[in-house]
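Chain and residue survey
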Amino acid sequence: MIHLEDTITAMATPNGVGAISIIRISGNKAIDVADSIFKGKMHITDANTHTVHYGKVVDAQNNFIDDVLLTIFKAPNSYTGEDVIEVSCHGNPLIGQKIIDLLLEKDVRIAEPGEFTMRAFLNNRIDLAQAEAVIDIITSRSDASLRGARNQLDGLLSNSVSILRNSLLDTLSFLELELDFSEEDVEFVAKDELLKKITLIIKKIDELLNSYRFGRVIRDGVNVAIIGKPNVGKSSLLNYLLKESRAIVSSTPGTTRDVIREEISIDGVLFKLFDTAGIRLSEDIIEKEGVRRSNEAIVNSDLVLFVNDVEQGYSEDLYDELRQLTKEDRIITVMNKIDLSSKSDLGDGIKISAKTGEGIDNLIDQMKQSTLGSANYSEKSAIVSNIRHFQCLCSARNSLSDAIVSVNQKYSGEFIAVDLRNAADFLGEIIGEVTSEDVLNNIFSKFCVGK
Ligand SMILES: Nc1nc2c(ncn2[C@@H]2O[C@H](COP(=O)(O)OP(=O)(O)OP(=O)(O)O)[C@@H](O)[C@H]2O)c(=O)[nH]1
Ligand SMILES: [Mg+2]
């Protein structure tokens, strides 16, 4: 249940020792409650919005708890749109907890995870896609994902979706008008005009859908499995990419047994590298388990670097195995150890030496190309990066396809109207114009308490 009338509080900073901790209070009692535990030069009930006040927090017996700075944001100009107080105290969890305990004695309750942001949404400070961007901003681990989340919080996706939805609602209202006059057989919307409009909206939805692959890569990074037979130089390649000697390299085949996970950033995009055990038939229990984990890494990867030793040649049989576990366009074939080879024909694939570094730039280009493609999105492009948004767009698109069938089959306007209404509702779900409480709870429960 959503209780907007409660005043809520939580630590807004991580639990632990730091220079300062911040406690947030939001709701219509926030200012009164804060005033009741605060001794400063003036009562903060008399203070202006967006002002900071120095003073002491004291308990009911006037015992000193800490000296603090208290910041006031009066509704509606606050994060949640309600009266908000932020108390900055010394960064000792004991102090923060004492202050929260004092507040809890005063008809204030602890906030649920994400409840501050949920209130910002319910009070129309931000829409749902923007609220989801807040969690992405907090959890982003690469420059690219941070930029993507910022773009979403700035409303680029929301605007695109709103424009499409409004244009659908416009069309729908004409159609409904026509239905009202159905007796008189007037046509407010010419059917070919209607088809044109729907087709145009589908095209725009497709553009958004197409941005998802890019958006997901930007947001979540790219899982890259380094796969190959034993001793081909997988761990050497990992080390070269990381510019450090992370994995053990040796001339003994079967050196790597477990999956080693490391991250690199290429052009601000996070690539999560998984160095794996060389794949071969083995009776050794540990090695067998290693191979099982290698296969798991393949299944979970967006990209497979299929490493071969040029001297031993390309392993056709392993490629066939790979193809059982992943799609062809996810596999980059790499021919390693070119420094050792005097062959003139080194076969297909990207030729590298994990020892000298030759060809690695090429490989990196190919990794970028395979995941980002020729995507040419600017800072101002609306990009879909969230699977929920992607699914809503797919559903909207399906409803619009149904609408086109209805028009072509000359079904009554009511059928077309239902399809258009569905499409508009699916678009509305993205920005939270149409949303169930379950969806909201599901989204906001992923937040941390205090956000
Ligand atoms: N000359 C040369 N040697 C290489 C190159 N890459 C790897 N090696 C050598 O090949 C041997 C195996 O390298 P690793 O990186 O351990 O191979 P791996 O594929 O991880 O092997 P496993 O973990 O056993 O599956 C080591 O002796 C490396 O020094 C290369 O490009 N050139
Ligand atoms: Mg290895």
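Residues numbered from 1 in each chain as written. Chains lettered and ligands numbered in written order. Predicted model: local features only at pLDDT ≥ 70, side-chain atom pairs only at ≥ 80, totals over all residues.

1. Some thoughts on the sheet that holds strand β11 (residues 303-309)
Within a sheet, neighbouring strands are paired by backbone hydrogen bonds and run either parallel or antiparallel to one another. Formally: The pairing criterion is simple: DSSP has to find at least two bridges between the two strands. A run of DSSP states H or I qualifies as a helix once it reaches four residues; a run of E qualifies as a strand once it reaches two. Both are numbered from the N-terminal end.
The 6 strands are arranged β9-β10-β8-β11-β12-β13 in an open sheet whose pairing can be described as mixed. Each edge of the open sheet carries a strand with a single partner, namely β9 (260-266) and β13 (350-351). Here strand β12 (residues 331-336) runs beside β13; their pairing, made up of 2 bridges, is parallel. Following the sheet pairing, M335 is matched in β13 by K351.

2. Concerning the pairing of strand β2 (residues 20-26)
Quick note on the threshold: The exposure label follows from counting other C-beta atoms within 10 Å of a residue's C-beta, where the C-beta atoms are placed from the backbone and the thresholds are 20 or more for buried and 12 or fewer for exposed, leaving partly exposed in between.
Of all 7 residues that make up β2, 5 are buried, and the element is covered over most of its length. Looking at chain direction, strand β1 (residues 8-11) and β2 are connected through 4 bridges and run antiparallel. Bridging from a neighbouring strand, M11 pairs with I23 of β2. Bridging between β2 and strand β6 (residues 84-90) involves 7 bridges; their strand directions are antiparallel. Within β6, the position partnered with I25 by the bridge is I85.

3. Focus: unusual backbone geometry
Omega for the bond connecting A75 with P76 falls within 30 degrees of zero, at 0 degrees, which places this linkage in the cis form. Structurally, P76 can be placed in the loop between β5 (64-73) and β6. One non-glycine residue, D107, adopts positive backbone phi at about 65 degrees. Its place among the elements puts D107 in the loop between α2 (93-104) and β7 (109-110). Judged by the 12 C-beta atoms lying within 10 Å of it, D107 is exposed. Positive phi values are uncommon outside glycine, yet K243 reaches one of about 60 degrees. Structurally, K243 can be placed in the loop between α8 (234-242) and β9.

That's the geometry; what it means functionally is another story.
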